[in-house]
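Architecture at a glance
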Amino acid sequence: QLMANELKIPHVAVSAFYMLLQAVTVAGYLLVQSVFRWHYTIAVLAILVIGYLIFKRKYFYLHVQSN
């Protein structure tokens, strides 16, 4: 919502970004050998959490100002 409402990115572009992110994540999971699947899962979760925290820290003030 923050990307679409405050950053004025079209909803279709935001949805396409999330779809691509999910497709790449799932494809990577399927390509990783079974031995490393837990490592891959933990690494992807860490990357997504860090990315979310950076994004939120950078843009959350826009949401607070609009309310």
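See the structure shown above.
Residues numbered from 1 in each chain as written. Predicted model: local features only at pLDDT ≥ 70, side-chain atom pairs only at ≥ 80, totals over all residues. Heavy atoms only, no water.

1. Topic: the overall build of the protein chain
The test is simple: Secondary structure elements are defined from DSSP: runs of H or I of at least 4 residues count as helices, runs of E of at least 2 residues count as strands, and each element is numbered from the N terminus. We call a residue buried when its accessible area falls under 20% of the maximum for its residue type, exposed when it is over 50%, and partly exposed in between, using a 1.4 Å probe and counting protein chains only.
In terms of regular secondary structure, the protein chain is built from 3 helices and 0 strands. When the helices and strands of the protein chain are placed in sequence order, the string is α-α-α. Referenced to the eigenvectors of the C-alpha coordinate spread, the extents of the protein chain come out at roughly 45 × 25 × 10 Å. Put simply, the protein chain has 67 residues, and 12% of those count as buried.

2. Brief notes about unusual backbone geometry
In this structure, Lys8 takes a positive phi of about 60° despite not being glycine. Residue position: Lys8 is located in the loop between α1 (2-5) and α2 (11-31). Residue Lys8 is classed as exposed on the basis of its relative accessible area of 66%.

3. Things to note about the packing of aromatic side chains
Quick reminder of the rule: Ring pairs are drawn from Phe, Tyr and Trp, using the six-membered ring of Trp, whenever the two centres fall within 6.5 Å, and their geometry is named by plane angle: stacked under 30 degrees, edge-to-face over 60, tilted for the rest.
Enumeration according to the criterion identifies 2 aromatic pairs in this entry. Ring geometry for Tyr29 and Tyr40: centres 6.4 Å apart, planes at 45°, overall tilted. Placement of Tyr29 in helix α2 and of Tyr40 in helix α3 (residues 37-66) is noted, with a sequence separation of 11 residues between them. The class for Tyr29 is partly exposed, based on a relative accessible area of 33%.

4. Some points on the layout of surface pockets
So the rule is basically this: A cavity here means a set of points on a 1 Å grid, drawn over the protein atoms and nothing else, where a 1.4 Å probe fits but cannot get out; a pocket is an open set with protein on both sides within 12 Å along at least five of seven lines, and a residue lines either one if it has an atom within 4 Å of a point. Grid points are joined across faces, edges and corners, and a volume is the space filled by probe spheres set on the points. Under the grouping applied here, Gly and all other residues not named as nonpolar or charged are polar, the nonpolar ones being Ala, Val, Leu, Ile, Met, Phe, Trp, Tyr, Cys and Pro and the charged ones Asp, Glu, Lys and Arg.
Approximately 420 Å³ is the volume attributed to the largest pocket. Forming the walls of the largest pocket are 14 residues, and the residues nearest its centre are Met3, Tyr18, Gly51, Tyr52 and Phe55. Mapped onto the lining of the largest pocket, the elements with two or more residues apiece are α1, α2 and α3. In terms of residue count, α3 provides more of the lining of the largest pocket than any other element does, 7 residues in total. Grouping the constituent residues of the lining of the largest pocket by class yields 11 nonpolar, 2 polar and 1 charged.

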